[in-house]
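Next come the chains, spelled out residue by residue.
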Amino acid sequence: MQDQPKFKPLRPSTFFADGRSARPLPDGSVSRSQLRDDALFYTGKIEGGQQAGPGGAAPGATGPAGPQSGGAQPGVNAGGSGATAGLRPGETTVSGQTPQPQSYAGYANVFPFPITKEALDRGQERFRIYCSVCHGESGDGLGMIVRRGYRQPPSYHVDRLRQAPVGYFFDVVTNGFGAMPDYAAQIAPDDRWKIIAYIRALQLSQGASIADVPESERGKLNSGAAPQGEHQQ
């Protein structure tokens, strides 16, 4: 047992015909799908600064996206919730402190794939499972566990988060922020993007005017019937 026959890595052997002691790995035993070389898809960031597309949507994408954003935006202190949520530069917190603008430089404002109705439906489903318990069904930050004493997150409908690029939301979901834990293990990257697309739809729904409703659907607003294809809250 003290002196056992063995081969150290890469040493030759006359036992095998190819002269190698190490055996070739069987096909399929080494994963080839974990190379995360798509920075936009896996990080929500673009090297060299912010990338913005028309309306914040990926080329060829359909569906909601937020306003284009670049540089400093109205922001809050670290933590981004509670009394400081949604404050603009020049405004003060309850303690009299002036919040600093939050920079979104480097975050992408495009989706890495087209946003379809199917993607929005999936995003809505995942949002209700993982997000609504804190952020609420409409994104107002008044989810069920918040009503039971958990720290309230900021509403998605404050100017700061309306102007935040989609890559910023992806980074927060992936890595966490403040009292919010990361959801990298629970939510796959493509589902994170679909959730964010649904958040953009929520933001649009809470800030839309009658002009945003197609004329053919406006008559249904007072009848209690939702326009065809509309996501219910």
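Residues numbered from 1 in each chain as written. Predicted model: local features only at pLDDT ≥ 70, side-chain atom pairs only at ≥ 80, totals over all residues. Heavy atoms only, no water.

A. Looking closely at the overall build of the protein. Scanning the protein from terminus to terminus reveals seven helices and two strands. For the protein, the succession of helices and strands along the chain, N to C, is α-β-β-α-α-α-α-α-α. When the 233 residues of the protein are sorted by exposure, 39% land in the buried category. In the protein, the proportion of contacts linking residues at least 24 apart, taken out of those at least 6 apart, comes to 61%. (Helix = DSSP H or I, 4+ residues; strand = E, 2+ residues; numbered from the N terminus. Buried < 20%, exposed > 50% of the residue type's maximum accessible area, 1.4 Å probe, protein only. Contact = heavy atoms within 4.5 Å.)

B. Quick look at the nonpolar core. With 32 residues, the main nonpolar core has F111, F127, L161, Y168, F169, W193 and I196 as its most contacted residues. When contributions to this core are tallied by element, the ones reaching two or more residues are α1 (39–43), α2 (117–130), α5 (166–175) and α6 (189–207). The element that contributes the greatest number of residues to this core is α6, accounting for seven residues. (Core = buried A, V, L, I, M, F, W, Y, C linked by side-chain atoms within 4.5 Å.)

C. Summary view of the pattern of salt bridges. Within this structure, the stated rule accounts for nine salt bridges. A salt bridge links D191 to R122, with the nearest nitrogen and oxygen atoms 2.7 Å apart. In this pair, D191 is assigned in helix α6 and R122 in helix α2, connecting sequence segments 69 residues apart. Since its relative accessible area comes to 8%, D191 is described here as buried. Judged by relative accessible area, which is 30%, R122 ranks as partly exposed. With a shortest N-O distance of 3.1 Å, E217 and K220 are connected by a salt bridge. Given a relative accessible area of 16%, E217 falls into the buried group. You can call K220 partly exposed: its relative accessible area is 30%. (Salt bridge = Lys/Arg side-chain N within 4 Å of Asp/Glu carboxyl O.)

D. Focus on unusual backbone geometry. With a phi close to 70°, L10 is a non-glycine residue in the positive phi region. Its location among the elements puts L10 in the segment before α1. Here L10 falls in the exposed class, since its relative accessible area comes to 81%.

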